[in-house]
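Structural overview for review
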Amino acid sequence: MNGLLIDYEFCTGCHSCEMACKVEHGFGEGQWGIELKQLGPREISSRKWEYKFVPVPTELCDLCADRVAEGRWPTCVHHCQAQVMEFGPVEDLVKTMDKEKMVLFVP
Ligand code: SF4
Ligand code: SF4
């Protein structure tokens with residue numbers, strides 16, 4: 001079983017994954033295979049703020065089955081210039097989850 005691992009600590013909020021997914025699948029207005037969520041900016045405590053971006057795959061994500069069948073990466077992974085997204089077998093991805101602010105999506 002494959003999944004997507006996102007190290008959102010270094011997500012820049014560029015929206016490239018969202019747009020690449022939308023174009024690849026021909027999704028219409030309001031349809032997204034992955035959506036960028038913004039946390040904050042909000043003050044957590046004195047001099048500590050939360051301001052993060054977290055890309056969240058939706059029910060429309062098929063892990064780019066057609067591309068993967070051709071031996072290519074999912075288009076969100078391919079277009080993430082920050083290189084914070086990884087695709088592969090869940091058991092391999094789990095082994096690389098060695099820090100906070102990482103999420104593993106298994107659609
Ligand atoms: S794996 Fe493919 S379908 Fe899923 S979010 Fe990424 S681009 Fe969209
Ligand atoms: S393409 Fe990468 S850096 Fe840009 S919003 Fe998506 S996950 Fe974040």
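The text that follows walks through the structure, step by step, so that each part is easy to find. Quick caveat, the model's predicted, so the values are computed rather than measured.

Side note on the pattern of salt bridges
For the structure shown, the criterion picks out six salt bridges. One salt bridge in this structure joins Lys-99 and Glu-9, with 2.9 Å as the shortest N-O distance. Here Lys-99, found in the loop between α4 (90–95) and β5 (102–105), pairs with Glu-9, found in the loop between β1 (2–7) and α1 (16–25); they are 90 residues apart in sequence, far enough to count as distant. Note that Glu-35 is salt-bridged to Lys-37, the shortest N-O span being 3.5 Å. Owing to a relative accessible area of 29%, Glu-35 belongs among the partly exposed residues under this scheme. Take Lys-37: its relative accessible area is 39%, and that puts it in the partly exposed class. Taken together, the shared-partner salt bridges in this structure form one network comprising Asp-7, Glu-9 and Lys-99.

Some words on the sheet that holds strand β4 (residues 85–89)
The antiparallel open sheet is built from three strands, whose spatial order is β4-β1-β5. Since the sheet does not close on itself, it has two edges, and those belong to β4 and β5, each with one partner. Taken pair by pair, the neighbouring strands of this sheet meet at an average axis angle of 20 degrees, ignoring direction. Sheet topology note: the β1/β4 ladder contains five bridges and is antiparallel. Looking at β4, one finds that Asn-2 is bridged to Pro-89.

Focus on the site of ligand 2
Surrounding ligand 2, one finds 13 residues, the nearest of these being Cys-11, Cys-14, His-15, Cys-17 and Cys-80. Counted by class, the shell around ligand 2 contains nine nonpolar, four polar and no charged residues.

Brief notes about α1
Those residues of α1 that sit buried are Cys-17, Glu-18, Ala-20, Cys-21 and Lys-22. Positive phi appears at Gly-26, one or two residues downstream of α1, with a value of about 65 degrees.

As for the pairing of β1
Two faces make up the sheet, and in a regular strand the side chains alternate between them. By the criterion of burial, β1 is predominantly enclosed, with five of the six residues buried. Of the strand pairs in this sheet, β1 and β5 are connected by four bridges, and their pairing is antiparallel. Bridged to Leu-5 within β5 is Leu-104.

Scoring rules and cut-offs
- Residues numbered from 1 in each chain as written.
- Chains lettered and ligands numbered in written order.
- Predicted model: local features only at pLDDT ≥ 70, side-chain atom pairs only at ≥ 80, totals over all residues.
- Heavy atoms only, no water.
- Salt bridge = Lys/Arg side-chain N within 4 Å of Asp/Glu carboxyl O.
- Helix = DSSP H or I, 4+ residues; strand = E, 2+ residues; numbered from the N terminus.
- Buried < 20%, exposed > 50% of the residue type's maximum accessible area, 1.4 Å probe, protein only.
- Pairing = 2+ DSSP bridges.
- Axes fitted to C-alpha atoms, helices over the stretch in contact; angles between N-to-C directions.
- Near = heavy atom within 4 Å.
- Nonpolar A, V, L, I, M, F, W, Y, C, P; charged D, E, K, R; others polar.

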